[in-house]
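So you can see what is in the structure, the chains are spelled out below.
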Amino acid sequence: MRDLRKEPIQTLFLGTDWESREILNALYNDKRFKITGVITNEDKLIGRKQILTPSKVKEFALKHNIEVFHTNSDTEKYKEALERFNPELIVCIAFGEILPDFFINYPKYKSINIHFSILPKYRGAVPVQKAILDGEKETGISIMIMSQEMDKGDILKIFKEPILPNDTNISLRERLVKVSCKVLGNVLEEWVEGKIVPQKQDDSLATYCWQKDISKENAQILWESMEPEYIERMIRAFIPWPVAWCMWKDKRLKIFEAQLVKKENNEKAGTLFISNSQLFIATKEKNVCLSVNTLQIEGKNAMNYKEFINGFGKDIKEGV
RNA sequence: CGCGGGGUAGAGCAGUGGCAGCUCGUCAGGCUCAUAACCUGAAGGACGUUGGUUCGAAUCCAACCCCCGCAA
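Notes on the structure in this doc start here.

Parameters and conventions
- Residues numbered from 1 in each chain as written.
- Chains lettered and ligands numbered in written order.
- Predicted model: local features only at pLDDT ≥ 70, side-chain atom pairs only at ≥ 80, totals over all residues.
- Heavy atoms only, no water.
- Helix = DSSP H or I, 4+ residues; strand = E, 2+ residues; numbered from the N terminus.
- Contact = heavy atoms within 4.5 Å.
- Areas by Shrake-Rupley, 256 points an atom, 1.4 Å probe, with all protein chains shown as cover.
- Near = heavy atom within 4 Å.
- Polar contact = N/O pair within 3.5 Å; in protein donor to acceptor, adjacent residues only side chain to side chain.
- Nonpolar A, V, L, I, M, F, W, Y, C, P; charged D, E, K, R; others polar.
- Disulfide = S-S within 2.5 Å.
- Salt bridge = Lys/Arg side-chain N within 4 Å of Asp/Glu carboxyl O.
- Pairing = 2+ DSSP bridges.
- Axes fitted to C-alpha atoms, helices over the stretch in contact; angles between N-to-C directions.
- Buried < 20%, exposed > 50% of the residue type's maximum accessible area, 1.4 Å probe, protein only.
- Arc of directions from axis to C-beta.

1. Some points on the overall build of chain A
Next up, step 1: Assigned secondary structure in chain A consists of eight helices and 18 strands.
Next up, step 2: For chain A, the C-alpha atoms occupy an extent of roughly 75 × 45 × 30 Å along the three principal directions.
Next up, step 3: Excluding contacts between residues fewer than 6 apart, the proportion of contacts in chain A whose partners are at least 24 apart in sequence is 64%.
Next up, step 4: Accessible surface, chain A as shown: approximately 16400 Å² in total, 50% of it carbon and sulfur.

Following this line, the structure appears as structure tokens:
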């Protein structure tokens, strides 16, 4: 049997953001794999000032002298990449492009992808956010063989992870990345050594999530109609983008952190009020309020409820 | 030149031509069984930068820097 520690697998890595970078870092430091190159997006214009910024994966690769390649969804470029790197294995994490069939099936050990859900549930672009928004109790990572159809490939292994009551899209994602880094190398080794039999997904149980589910429009809090529990989940799911928001005195108010509390009140849903030096927003339920910790008003930096009360308190009615 | 809001004490804000203010925090003291509560006192500011108008500018004018929301 091949000893991966003496003869590492020639691996081509595809990815873009910080999650990809963390996982790339784990593989890079794993003697069983030799990262021969990375494919990532072209530098993009980012932020209000539109600064040309390289992807996190590209930054990492340049720093560690790994060859960087751009494909730009161009079939010819994919052919070129295979000739250039001749990979035994492709690992793809959060890479934006649709990959051609010949490309993903080329390597001896196929193309492997990690998806942040328990497949076949939450196939698609925003599984972590949607799982929180739906109030799911657990999610996980699915390591699978890539197929032409999105997130439909055969499963090598699934690792479950509980969704905690105060988990945000960021905190949960960080744990999922951590788990991924920890287990991916071992799963890949078992796979290469033929110890894993890939399992087909049961398509009849599949659910999907789309980028448009997590949009600015869907991040608007409708106090009159939405259930308090749903509002609280929105706040956790829409971090760091687009951030749950509502209007207050003709300004946009973003809510970064808040909890539901039991509190009798007579305020109209969506009204801000202060009680016991705490900031609350009334929901449509008379005995449930949102206790706000961190918020941001249009034109200002984010601030905690105390700072908000210091400056804006006189504009808010003292309640209950 | 995409649209708009803003920069004043450590923090959040008020102050639109005439002594630099409020709330919170900090420090000292007091009260209290005790406290994130309350009382007394104190420290802490080139009012984003540069230039202009004026007897006098945080305030009016010009340019620039920085932060934020929207749009992309």
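2. Here's the deal with the protein's contact with RNA strand B
Next up, step 1: Taken together, 18 residues form the shell around RNA strand B, and within it Arg48, Lys216, Gly299, Glu307 and Asn310 come nearest.
Next up, step 2: Sugar and phosphate atoms form 71% of the subset of RNA strand B atoms that lie within 4 Å of the protein.
Next up, step 3: With respect to RNA strand B, the side chain of glutamine 296 contributes an N or O atom lying 3.1 Å from a sugar or linking oxygen.
Next up, step 4: Taking asparagine 310, its side chain carries an N or O atom lying 2.9 Å from a sugar or linking oxygen of RNA strand B.
Next up, step 5: Those elements that place two or more of their residues in the surface near RNA strand B are strand S13 (251-262) and helix H8 (305-312).
Next up, step 6: A total of four residues in the surface near RNA strand B trace back to one element, the largest contributor, which is H8.
Next up, step 7: Taken together, the residues of the surface near RNA strand B sort by class into two nonpolar, six polar and ten charged.

3. Considering the state of the cysteines
Next up, step 1: This structure, assessed with the given rule, holds zero disulfides.
Next up, step 2: Summary of cysteine pairing: cysteine 92 is not part of a disulfide, and the nearest cysteine sulfur, belonging to cysteine 181, is at 15 Å.

4. Let's talk about the pattern of salt bridges
Next up, step 1: In total, this model carries 24 salt bridges according to the counting rule given.
Next up, step 2: The partner of arginine 32 in a salt bridge is glutamate 189, with the nearest N and O atoms 2.5 Å apart. Taken together, the residues span a long stretch of sequence, with arginine 32 in the loop between helix H1 (18-28) and strand S2 (33-39) and glutamate 189 in helix H6 (residues 169-192) at a distance of 157 residues.

5. Thoughts on the sheet that holds strand S10 (residues 155-162)
Next up, step 1: Read from one edge to the other, the open sheet built from seven strands follows the order S5-S2-S1-S6-S7-S9-S10, with strand pairing classed as mixed. Every other strand in the sheet has two partners, leaving strand S5 (68-69) and S10 as the edge strands with one partner each.
Next up, step 2: As judged from the two bridges shared by S2 and S5, these two strands associate in the parallel manner. Bridging from a neighbouring strand, isoleucine 39 pairs with phenylalanine 69 of S5.
Next up, step 3: Each of strand S1 (9-15), S2, strand S6 (89-93), strand S7 (111-115), strand S9 (138-145) and S10 touches H6; the most contacted strand, S10, lies at about 155° to it.

6. Re helix H2 (residues 56-63)
Next up, step 1: All of the buried residues in H2 are Val57, Lys58, Phe60 and Ala61. Projection of H2 onto a plane perpendicular to its axis shows the buried side chains occupying an angular sector of 160°, all on one side. Turned more than 90 degrees off the buried face of H2, the exposed positions are Leu62 and Lys63.
Next up, step 2: Note on H2: the residue one or two positions beyond its end, asparagine 65, has a positive phi of about 55°.

7. Thoughts on the side chain of histidine 70
Next up, step 1: Considering the arrangement of structural elements, one finds histidine 70 in the loop between S5 and helix H3 (75-85).
Next up, step 2: Judged by its relative accessible area of 17%, histidine 70 falls in the buried class.
Next up, step 3: One polar contact links the side chain of histidine 70 to the main-chain carbonyl oxygen of threonine 40, over a distance of 2.8 Å.
Next up, step 4: Polar side-chain contacts of histidine 70 include one of 3.4 Å to the backbone oxygen of asparagine 41.
Next up, step 5: With sequence-adjacent residues up to four places away left out, histidine 70 is seen in contact with Thr40, Asn41, Glu42, Lys58 and Lys77.

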